[in-house]
Each structure stands twice: as C-alpha cells, then as structure tokens.
Number of protein chains: 2
Amino acid sequence: MNPALPKVGRGSLERKGGVKLITRDTDYALRALCFMLGRKNEIVNVGDLVKELKIPKPFLRKILQILHKEGVLVAYKGRGGGFLLARSAESISLLGLMEIFQGKFRLNECLFKKVVCPNIKRCALKKKIDKIEQYVLKELRLVTIASLF
Amino acid sequence: MNPALPKVGRGSLERKGGVKLITRDTDYALRALCFMLGRKNEIVNVGDLVKELKIPKPFLRKILQILHKEGVLVAYKGRGGGFLLARSAESISLLGLMEIFQGKFRLNECLFKKVVCPNIKRCALKKKIDKIEQYVLKELRLVTIASLF
DNA sequence: GAGTAATGATACCACATCAGTATCATTTGT
DNA sequence: ACAAATGATACTGATGTGGTATCATTACTC
Ligand code: FES
Ligand code: FES
C-alpha cells in the first residue's frame, strides 16, 4: 500500500463532526457568569476571568460586551472597571444564553413543509418534533447559573 | 437620515439564523424514504422522486447514493434501475438518518471541560444535559418511517 | 492634565459546514 | 449500439464558528 492513503471521498457529504447544540460562545458565557456569581457584588474584569477560565482574552471581551448589551451584565468603564451581574442568578438560563449567541431555538421548522407530508394536517412527525422541542426548551430554561453554583 | 442605513454591527457575533437540529440532507432523505415506503416492492428512480418531492435532482441523487452505501437502500443500475428499501420501515429512524448525514448526536461534549466546573465530579450541569440528551435520543429513535406512514 | 487601565465598537481572518451543481464513468435493458 | 439509470468525484457560494486586531472612549490616579 502507498504510504499516502487515498481519501475515502463521498462528495461533500462526508460524515460531519457531529450535531452540536451549544457553541463555544454560549459555553464561555456560562462559565464566566458562574464565576462572577461566585464573586457576588464584586466587580470582575476581563483579566481576572482570563486568569481563572483560560479563555482567549479578546474573544471573552467580545462575549462580555454582548452580555452587557443584552442586559445580562452591568459594565463599568475606566480604571478599576469591569462587569457585574445585572440580573438575578435565577433569571439567567442556558436557554437565554443560547438565544443570545446562537439565535432562536427551534428544532422544528417543519420538515415536509407544505409539500409532501404523508399525512398532511394532523402531521405525526410535526407533533413528535414539537413534543421533543417543548421538553428541551423547558429543561434548558431550568438550567440557570443559580442552579449550577 | 441617510437613505443607506448603517449596519447595526456587533462584531462577528450577530444574532444567528437559529439553532437547527435537522439539516436538509436528513429532511430530504426522510421524505424520499417515506415516499418509497408507499410504493413498497416497486423500484423507484430519482426521476420519480424528483417529480413527487420537488427536490433538486443532483442533490437528491447524491443523498440516495449515500443511503445506498449505508445499507438503507438497495440500488439497481442500468435501464429500468432505481432504488428499493433495504431494511424494514421500523428499523429506519430519524436518528439513524441524522447520524448518517450529520454525524453522531451528542449535545453533551462536556461544557466546563476539565477546567472550571463549579462543582466538579458530581457535576449538576453535565447531569442535566445528559438527561436531556437521553430523552431526545430515545424520542428520535422512535420516529421511524413506519411510524410516519 | 497626562498617563494608564479598563470597556466600546468595528473590521478582519481561517476554517468548516450547508446546500447544492457539474462531470464523467459504469452498468444494463432494449 | 444506444439510452437510461446509478457510481464516483470535484467544485462552488453562502453562512456559521472561533477567533484576532485596532482604535475610540471613559474614568481613576498622580
Ligand atoms: S412536518 Fe409539516 S406537514 Fe408534516
Ligand atoms: S465537569 Fe464537565 S460539565 Fe462540569
């Protein structure tokens, strides 16, 4: 056999990395917020968080800026500045963070749109997916940073 | 105000299209398989499916080829050729198709890897996500083309 | 008021995935 | 031989992911 193995190749539809639900933005935001909850009422700046969480600084900075714009954090500029939680720990959920960084959560989007649903109207598939979505939404809403501390 | 409105801009982290769980590959595959189930024991070719499902032909062709390679379909080449279901309708699930076209399903992937989990070991977050994942897996496995016909 | 330490606002980049398109090769019924 | 079907691959444009890099602004301290 040749040392350089030929690529298996199946067009552009090779097996993918896998279905991911939570991106790094969301993940990092969750970590940072949990850490800040631990230092309640204490202003935390990006430098502190980077030391603790080992997340690339400019990336974390951007994430915190977004959390600020979205009203999750209060920001203090200038020397000695930093961030503070703006809301109760119970009101900051994983679902909320996912919606901020990944957009609205909707597994659904109706497969078989109007076109060729085997049993249109009382569509079994849509019902099942809806049921799954409702469950996941409910559970993700229950995962708050308060519940993780 | 200028006619050309300025972009709102928030770096590259603008609100995204949304969290999608099922891609078009999987969707189309499901549609095609359901249709083929309706024509049990009858060889169906891509042309037939395109007429019925209004899916771009070359894309559908590729999808069917993959389903063949994965053992979901039997293929007949040459004139009068086409595809046939290779397995029972009960054994072809939405989860199976997702794994073929989107890779392994794992919501989990451990947020807070080894680094800064607030309560390492009996990690509450990991437990919760695992629980959600198990539920979703179970439900997606129950959605078979047989159950949709 | 100058310096400095923090955030605010943008612009940019490499890479992977998504949703296809385009060719050419091979097989097979007529 | 020809036509009709699949098999195998290569390619493309748009979007998302996971960042980096600058410059502007604010505010505390000296
Ligand atoms: S999923 Fe929309 S009609 Fe069946
Ligand atoms: S240690 Fe992995 S999620 Fe907490």
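Residues numbered from 1 in each chain as written. Chains lettered and ligands numbered in written order. Predicted model: local features only at pLDDT ≥ 70, side-chain atom pairs only at ≥ 80, totals over all residues. Heavy atoms only, no water.

(A) Quick peek at the overall build of chain A. Of regular secondary structure, chain A possesses six helices and two strands. The buried share of chain A, reckoned over its 149 residues, is 46%. Sequence-distant contacts in chain A: of pairs separated by 6 or more residues, those separated by 24 or more amount to 62%. Element-wise, carbon and sulfur atoms account for 54% of the exposed surface of chain A, whose accessible area totals about 8300 Å². (Helix = DSSP H or I, 4+ residues; strand = E, 2+ residues; numbered from the N terminus. Buried < 20%, exposed > 50% of the residue type's maximum accessible area, 1.4 Å probe, protein only. Contact = heavy atoms within 4.5 Å. Areas by Shrake-Rupley, 256 points an atom, 1.4 Å probe, with all protein chains shown as cover.)

(B) Structural detail: the environment of K62 of chain A. Residue and element names in this part refer to chain A. Turning to its location among the elements, K62 is positioned in helix 3 (residues 57–69). K62 sits in the partly exposed class, given a relative accessible area of 25%. A C-alpha to C-alpha distance of 16 Å links K62 and K51, two positions eleven residues apart in sequence.

(C) The arrangement of the nonpolar core in detail. Counting 92 residues, the largest nonpolar core has L67 and F105 of chain A together with L67 and F105 of chain B as the members making the most contacts within it. The residues contacting F105 of chain B, other than those within four sequence positions of it, are V19 of chain A together with L21, L95, M98, E99, E133, V136, L137 and L140 of chain B. (Core = buried A, V, L, I, M, F, W, Y, C linked by side-chain atoms within 4.5 Å.)

(D) A look at helix 2 (residues 46–53) of chain A. All names here are of chain A. Every buried residue of helix 2 is listed here: V46, G47, L49 and L53. Down the axis of helix 2, the sector holding all buried residues measures 165°, keeping them to one side. The secondary structure elements touched by the buried residues of helix 2 are helix 1 (24–38), helix 3 and strand 2 (82–85). N-cap assignment for helix 2: the residue whose side-chain oxygen lies 3.0 Å from the backbone N of G47 is N45. Within two residues after helix 2, K54 carries a phi angle of roughly 55°, on the positive side. (Arc of directions from axis to C-beta. Polar contact = N/O pair within 3.5 Å; in protein donor to acceptor, adjacent residues only side chain to side chain.)

(E) Structural context of the confidence of the model for chain A. Looking at chain A as a whole, its pLDDT mean stands at 83, while 79% of the residues score no less than 70. pLDDT under 50 marks residues 1–12 of chain A. Its contacts with residues more than four places away, or in other chains, come to eight contacts. (pLDDT = per-residue confidence, 0-100.)

(F) Examining the packing of helix 3 of chain A against helix 4 (residues 94–102) of chain A more closely. Residue and element names in this part refer to chain A. One can describe the packing of helix 3 onto helix 4 by two numbers: an axis separation of 11 Å at closest approach and a directional angle of 110°. Relative to helix 4, helix 3 is oriented roughly perpendicular. Listed contacts from helix 4 to I63, I66 and L67 of helix 3 are L97, I100 and F101. Across the contact of helix 3 with helix 4, the residue classes tally to six nonpolar, no polar and no charged. (Axes fitted to C-alpha atoms, helices over the stretch in contact; angles between N-to-C directions. Parallel < 35°, antiparallel > 145°, perpendicular 65-115°, else oblique. Nonpolar A, V, L, I, M, F, W, Y, C, P; charged D, E, K, R; others polar.)

(G) Up close: the packing of helix 5 (residues 124–142) of chain A against helix 5 (residues 124–142) of chain B. Running from N to C, helix 5 of chain A and helix 5 of chain B point in directions that differ by 180°, and their axes come no closer than 11 Å. Considering the angle they form, helix 5 of chain A stands roughly antiparallel to helix 5 of chain B. Where helix 5 of chain A approaches helix 5 of chain B, its residues K128, K131, I132, Y135, V136, E139, L140 and L142 of chain A are matched on the opposing element by K128, K131, I132, Y135, V136, E139, L140 and L142 of chain B. Residues of the contact of helix 5 of chain A with helix 5 of chain B, tallied by class, amount to ten nonpolar, no polar and six charged.

(H) Spotlight on the packing of aromatic side chains. Residues and elements named next belong to chain A. According to the stated counting rule, one finds three aromatic pairs over all chains in the structure shown. On the numbers, 5.8 Å between centres and 80° between planes, the contact of Y28 with F59 is edge-to-face. On the criterion of sequence distance, the pair formed by Y28 in helix 1 and F59 in helix 3 is long-range, its members being 31 residues apart. On the accessibility criterion, F59 (25% relative accessible area) is partly exposed. (Phe/Tyr/Trp six-rings, centres within 6.5 Å; stacked < 30°, edge-to-face > 60°.)

(I) Quick look at the pairing of strand 1 (residues 73–76) of chain B. By the bridge criterion, four bridges tie strand 1 of chain B to strand 2 (residues 82–85) of chain B in an arrangement that is antiparallel. If you follow L73 of chain B over to strand 2 of chain B, its bridge partner there is L85 of chain B. (Pairing = 2+ DSSP bridges.)

(J) Molecular detail of the side chain of T26 of chain B. Residues and elements named next belong to chain B. Looking at the secondary structure, you find T26 in helix 1 (residues 24–38). Taking relative accessible area as the criterion, T26 reaches 0% and is therefore assigned buried. Apart from the residues lying within four places of it in its own chain, the contact partners of T26 are L94, L97, M98, F101 and Q102.

(K) Up close: the pattern of salt bridges. Enumeration over the complete set of coordinates arrives at eight salt bridges over all chains. Across the pair K131 of chain B and E139 of chain A runs a salt bridge whose closest N-O atoms are separated by 3.4 Å. With K131 of chain B in helix 5 and E139 of chain A in helix 5, this pair bridges two chains. With a relative accessible area of 12%, E139 of chain A lands in the buried category. A salt bridge links R31 of chain B to D27 of chain B, with the shortest nitrogen-to-oxygen separation between them at 3.1 Å. Taken together, the positions of R31 of chain B and D27 of chain B, both in helix 1 and four residues apart, correspond to about one turn of that helix. For the pair shown, R31 of chain B and D27 of chain B are each scored as buried. (Salt bridge = Lys/Arg side-chain N within 4 Å of Asp/Glu carboxyl O.)

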